[in-house]
Amino acid sequence: MAKLILKFKETTLQEIALTQSPITIGRDPDNDVVIDNLAISRYHAKIFQGDGQYVIEDLNSGNGTFVNEKQVTKDLLRDRDEILVGKHTLVFVSEEKPLTEERQERVTSLAEETVLVNPKALAERMARRAGQQ
């Protein structure tokens, strides 16, 4: 599931799962993401999903909405895009990888690791197994 990470400078303030569409951002308490800062308009921007993609739209805010340092009125969001509203940053994180891919990467990683084997311990273990069969 996609999410937003709300940051002020380098401090993470909140993580917001994008479970509904649209998500509104602004200073007014009616918003889904409320940022209490005078540099942010009462209704600053919104993020909505369409055709499996997320789009951010500025709601005629006083200070504008920026994606990766470029002012936008409407823009398609990509993984790790940084949205600047006022003095706060929202990092957009797209859908996470399916667990099967993560497991495959871990298995591949483990297969590439060097394994040191004690020959004497290995011989003893093999002898025990042979005796159990």
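Thresholds applied
- Along each chain, residues carry numbers from 1 onward, in the same order as the chain's sequence is written.
- The predicted nature of this model means local features are confined to residues of pLDDT at least 70 and side-chain atom pairs, given and counted, to a pLDDT of 80 or more, with totals for whole chains, interfaces and linings taken over all residues.
- Here the side-chain values reflect all heavy atoms present in the structure, with hydrogen atoms and water set aside.
- For helices the rule is a DSSP run of H or I covering at least 4 residues; for strands it is a run of E covering at least 2, with both sets numbered from the N terminus onward.
- When a residue's accessible area, from a 1.4 Å probe over protein chains only, is under 20% of the maximum for its type it is buried; when over 50% it is exposed; and in between it is partly exposed.
- Charge assignment: positive for Lys and Arg, negative for Asp and Glu; neither His nor the chain ends contribute.
- Basic side-chain nitrogens of Lys or Arg form a salt bridge, by our definition, when they fall within 4 Å of a carboxyl oxygen of Asp or Glu.
- Any two residues whose heavy atoms approach within 4.5 Å are treated as being in contact.
- Here, strands pair whenever DSSP counts at least two bridges between them.
- Between the N-to-C directions of two axes lies an angle of 0 to 180 degrees, each axis being a line fitted to C-alpha atoms and, for a helix, fitted only over the stretch in contact.

Participant: Help me understand the side chain of D75, please; the structure alone is not making it clear to me.
Facilitator: Mapped onto the elements, D75 comes out in strand β9 (residues 74-76). Within the buried core, D75 has no salt-bridge partner, and the shortest N-O distance to an opposite charge, that of R78, equals 4.5 Å. When neighbours within four sequence positions are excluded, D75 is seen to be in contact with Y54, V55, I56 and V67.

Participant: So what exactly am I meant to see when it comes to the environment of K74 here?
Facilitator: Relative to the helices and strands, K74 is located in strand β9. In this structure, the C-alpha to C-alpha distance between K74 and D58, residues 16 residues apart in sequence, is 6.3 Å. Apart from the residues within four sequence positions on either side, K74 is in contact with F48, V55, I56 and E57.

Participant: Just checking my understanding: could you explain the sheet that holds strand β1 (residues 3-8) for this structure?
Facilitator: Spatially, six strands are ordered β2-β1-β11-β10-β7-β8 in an open sheet, and the strand pairing comes out antiparallel. Edge strands, defined here as strands with exactly one partner in the open sheet, are β2 (11-17) and β8 (70-72). On average, each strand axis in the sheet is tilted by 30° relative to the strand beside it, whichever way the strands run.

Participant: Could you clarify how one ought to interpret the pattern of salt bridges in this entry?
Facilitator: Side-chain pairs of opposite charge can arise where the charged atoms are in close proximity. Within this structure, the stated rule accounts for two salt bridges. Notably, a salt bridge pairs E15 with K3, separated by 3.0 Å at the nearest N-O pair. One end of the pair, E15, is in strand β2; the other, K3, is in strand β1, and twelve residues separate them in sequence. Here E15 falls in the partly exposed class, since its relative accessible area comes to 48%. For D28, the salt bridge is made with R42, and the minimal N-O distance between the two is 3.0 Å. On the criterion of sequence distance, the pair formed by D28 in the loop between β3 (23-26) and β4 (33-34) and R42 in the loop between β4 and β5 (45-50) is long-range, its members being 14 residues apart. Judged by its relative accessible area of 45%, R42 falls in the partly exposed class.

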